[in-house]
Amino acid sequence: DLLDPERLIQCPLVKHHQIRARRFPYHLVKCKESNPEIAKKLATCPFNARHLVPQADLSNHIMKCNDKAFMEQDVVSRSCEPPEKQMNDGSTWQAPPCDEDWETEVLEGSESTFVW
């Protein structure tokens with residue numbers, strides 16, 4: 001089952017590493033740090049950061065990547081939305097007003113002690 005967090009996945013950097021799916025992203029970060037020479041030879045898939053493939057095979061992987069379909073579906077579904085809904089998907093967010101003025105505090109020479 002692809003959604004099972006306990007299933008074992010083979011590490012793309014060190015072939016004898018078998019990692020549980022739920023720990024796989026963390027393992028990749030650590031394994032890249034521990035094996036920088038191997039990591040240099042691999043490229044990350046733009047559709048799924050857990051896909052590490054040899055740099056020479058990246059374009060072939062991109063053409064066949066299963067996660068590409070999810071991205072394409074998302075793009076298509078967004079393009080089918082009415083234009084006014086697309087505009088309101090976070091693009092009109094504004095920060096709330098802020099009462100702090102750091103420049104004034106510095107000029108006033110505030111000597112207050114910072115308390116965590």
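Residues numbered from 1 in each chain as written. Predicted model: local features only at pLDDT ≥ 70, side-chain atom pairs only at ≥ 80, totals over all residues. Heavy atoms only, no water.

Comments concerning the UniProt feature "domain: CHHC U11-48K-type" (unreviewed entry) in the protein
Those places that UniProt annotates as "domain: CHHC U11-48K-type" (unreviewed entry) correspond, in this numbering, to residues 8–35 and 42–69. This span, residues 8–35, is 39% helix and 21% strand, and a straight line between its end C-alpha atoms measures 21 Å. End C-alpha atoms of residues 42–69 are separated by 22 Å, and the span's content is 36% helix alongside 21% strand. (UniProt positions renumbered as here; feature names shortened; annotations may be inferred. Helix = DSSP H or I, 4+ residues; strand = E, 2+ residues; numbered from the N terminus.)

A look at a negative patch on the surface
Together, Asp99, Glu100, Asp101, Glu103, Glu105 and Glu108 give the surface a local cluster of negative charge. Mapped onto the elements of the fold, Glu108 is located in helix H6 (residues 102–108). (Patch = residues over 30% accessible without salt bridge, like charges linked within 9 Å, V, L, I, M, F, W, Y side chains within 5 Å. Areas by Shrake-Rupley, 256 points an atom, 1.4 Å probe, with all protein chains shown as cover. Salt bridge = Lys/Arg side-chain N within 4 Å of Asp/Glu carboxyl O. Lys, Arg positive; Asp, Glu negative; His and termini not counted. Charge placed at Lys NZ, Arg CZ, Asp CG, Glu CD.)

Focus on the pattern of salt bridges
Per the stated rule, a full pass over the model turns up three salt bridges. With a shortest N-O distance of 3.4 Å, Glu6 and Arg20 are connected by a salt bridge. With Glu6 in the segment before strand S1 (8–10) and Arg20 in strand S2 (residues 18–20), this residue pair connects regions lying 14 residues apart in the sequence. Given the relative accessible area of 36%, Glu6 is considered partly exposed. We classify Arg20 as partly exposed; its relative accessible area is 37%. Where Lys40 meets Glu37, a salt bridge forms, and the shortest distance between an N and an O atom there is 3.3 Å. One end of the pair is Lys40 and the other is Glu37, both in helix H2 (residues 36–40) and three residues apart, which spans about a single turn. The pair formed by Lys40 and Glu37 is uniform in burial state, with each residue classed as exposed. It is possible to trace a salt-bridge network through shared partners that takes in Glu6, Arg20 and Arg22. (Buried < 20%, exposed > 50% of the residue type's maximum accessible area, 1.4 Å probe, protein only.)

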